[in-house]
Amino acid sequence: MIDIKIVAVRRNQTSKRIYEAADYDLRLPGGKVVTWSRIEGPDIVVVLAVDDDGNALMKREWRLAQKKEVLELVSGRMEKGEKPLDCAARELKEEIGVEAKTLTSLGKISLWNHSAVHAHLFLATGLKVGANNPDTDEVIELEKVPYIKATKTAMKVGTNAQTLLALFLSQPHLAEKLPAGATKKVQARKQASKKKRG
């Protein structure tokens, strides 16, 4: 259990530690001028690491936004000039001490309609696990969760949308690589989803 408590709150309108809000004056087709706001800052990467035994390597971390401990995938901000693939490899190593033989892109998503920040999603396979080296302000615990139970487990503990989306988008890539039992369950879920849409 990660025990972190809020000891102070400051409303700093000029803070630029990570992200900032920008106001845009827009002229609508009828000529009216309105002001819209959006959050701006660096994009992030989110990495689903799956080992040869069919486990998702996730992390427990206390998040201020939720004010609680959550279970999520490896993630982090891209540094200036850094490519998404390079950032994914770096964050894997820093947060959970993992090097991946293969990093597969699962796509890029917008985090929120009022945000210019995007999340680049990756699947990591062919894993080599070593020692991690998280940032000094991070408290991270590695947790192995069976891939087929990862979504349910994360929802129970608390998680974020990009974790759930990466788990969903990874299914076609992993159907043939997971252990036999896991593969059957993934395929069954896909068939059930098709029947609902039909």
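Above: the structure in question.
Residues numbered from 1 in each chain as written. Predicted model: local features only at pLDDT ≥ 70, side-chain atom pairs only at ≥ 80, totals over all residues. Heavy atoms only, no water.

A. Spotlight on the overall build of the protein. Along its length, the protein carries four helices and nine strands. Put simply, the protein runs from its N terminus to its C terminus through helices and strands in the order β-β-β-β-β-β-α-β-β-β-α-α-α. The proportion of buried residues among the 198 residues of the protein is 38%. Within the protein, contacts between residues at least 6 apart in sequence are counted, and of these 64% link residues at least 24 apart. (Helix = DSSP H or I, 4+ residues; strand = E, 2+ residues; numbered from the N terminus. Buried < 20%, exposed > 50% of the residue type's maximum accessible area, 1.4 Å probe, protein only. Contact = heavy atoms within 4.5 Å.)

B. Representation of helix α3 (residues 161–174) within the structure. Between its first and last C-alpha atoms α3 spans 20 Å; for 14 residues at 1.5 Å apiece the expected length is 20 Å, and the two agree. Taken together, the buried positions of α3 are occupied by Gln162, Thr163, Ala166, Leu167, Ser170, Gln171 and Leu174. (Expected span 1.5 Å × (residues − 1).)

C. Structural detail: the pairing of strand β8 (residues 118–129). For strand β3 (residues 44–50) and β8, the ladder comprises six bridges, and the chain directions are parallel. Following the sheet pairing, valine 45 is matched in β8 by histidine 120. Here strand β7 (residues 98–110) pairs with β8 via eleven bridges, running antiparallel. Paired with isoleucine 109 across the strands is alanine 119, a residue of β8. (Pairing = 2+ DSSP bridges.)

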